[in-house]
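# Summary of structural features
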Amino acid sequence: MNEEERYLFDVRGYLVVEDVLSEEEVGALNRLIDSQGLPGPELDTLGARFGGFLEWDKLFCELLDHERIMPYLKTILGDGFRLDHYYGIYMRAGTERLRLHGGATPYDPPEFYHYNNGDMFNGLTVVSWNLTASGPGLGGFCAVPGSHKANFRCPDSIRSAHDAHEAVFVPAAPAGSVVIFTEALTHGTVTWTADHQRRSLLYKYSPGQQSWSAKYSQPPQTVGLTDRQRLLFEKPYFNSRPSLFEDTE
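Residues numbered from 1 in each chain as written. Predicted model: local features only at pLDDT ≥ 70, side-chain atom pairs only at ≥ 80, totals over all residues. Heavy atoms only, no water.

## Description of the nonpolar core
Formed by 44 residues in total, the largest nonpolar core has its most connected members in Leu54, Trp129, Leu201 and Tyr203. Counting residues per element, this core draws most heavily on helix 4 (residues 70-77), at five residues. Excluding anything up to four places from it in sequence, Leu54 contacts Phe60, Cys61, Leu64, Leu83, Tyr86, Tyr203, Pro220, Val223 and Phe233. With 15 residues, the next largest nonpolar core counts Tyr14, Phe141, Ala143 and Leu202 among its residues. (Core = buried A, V, L, I, M, F, W, Y, C linked by side-chain atoms within 4.5 Å. Buried < 20%, exposed > 50% of the residue type's maximum accessible area, 1.4 Å probe, protein only. Helix = DSSP H or I, 4+ residues; strand = E, 2+ residues; numbered from the N terminus. Contact = heavy atoms within 4.5 Å.)

Rendered as structure tokens:
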């Protein structure tokens with residue numbers, strides 16, 4: 001995470017990292033999703049989600065600790081972070097927007113952003129892999145930049161206006177890019193209007209000592225994991241937690 005990226009994440013609460021996956025990798029992942037014969041997607045946000053894809057193929061598991069993304073997560077979460085939960089999003093034209101939620105105030109213990117002595121500290125943090133393009137004129141992720149450090153509650157006038165309000169920004173995220181954001185950020189989605197289907201894989205990580213979810217993610221039974229990938233499924237604790245950045249292969 002270079003100086004500019006660190007600054008932008010601190011200021012905005014999110015970062016778009018482009019060209020993480022090649023066109024061939026994006027195509028392979030989309031074909032694997034196609035092969036599942038998933039129902040829908042429905043036009044409501046809950047009906048536009050799917051899960052269990054770590055069981056489908058090792059390509060999905062390789063995203064768990066992708067070499068391009070791990071350095072970002074180390075800076076954002078520190079060493080020893082864990083996979084909290086994960087799911088996929090697929091949307092068709094007309095799929096409703098997801099309400100704006102999150103924000104630094106009121107304080108939510110598992111979703112936080114702090115800065116101290118030259119380092120940032122985050123709670124639940126999302127890595128969203130974009131398998132199709134999203135952004136202005138298409139739909140997808142939106143946020144109020146900087147709201148992860150807000151001292152006041154997000155006004156109802158902004159929440160109700162959603163992306164029609166000037167405070168809400170919809171970043172461009174091409175296929176193969178990754179959006180990383182802290183859940184302390186006020187964020188949501190805008191209505192999907194593109195002709196193509198939205199496809200995003202959301203891997204959500206927590207610092208090693210905490211869990212947002214009441215259920216701990218379990219490693220896949222049908223796909224073999226590397227030693228480091230297995231460490232991401234460790235239960236939450238702090239003392240003597242193994243490093244994710246030592247030679248664990």
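## Some points on the packing of aromatic side chains
A complete count under the given rule lists 13 aromatic pairs for this structure. On the basis of an interplanar angle of 45° and a centroid distance of 5.5 Å, the ring pair of Phe53 and Phe60 is categorised as tilted. For the pair formed by Phe53 and Phe60, the shared burial category is buried. Look at Trp56 and Phe60: their rings are 5.7 Å apart centre to centre, the planes differ by 85°, and that puts the pair in the edge-to-face class. The class for Phe60 is buried, based on a relative accessible area of 0%. Here a set of aromatic residues connected by ring pairs shows up, and it is made of Phe50, Phe53, Trp56, Phe60, Tyr86, Tyr90 and Tyr203. A cation over an aromatic ring shows up here: Lys74 above the ring of Phe245, its NZ or CZ 4.7 Å from the ring centre. The aromatic ring of Tyr237 is capped on one face by Arg241, whose charged end is 4.7 Å from the ring centroid. (Phe/Tyr/Trp six-rings, centres within 6.5 Å; stacked < 30°, edge-to-face > 60°. Lys NZ or Arg CZ within 6 Å of the ring centre and 35° of its normal.)

Everything listed is a geometric property; what it means functionally is a separate question.
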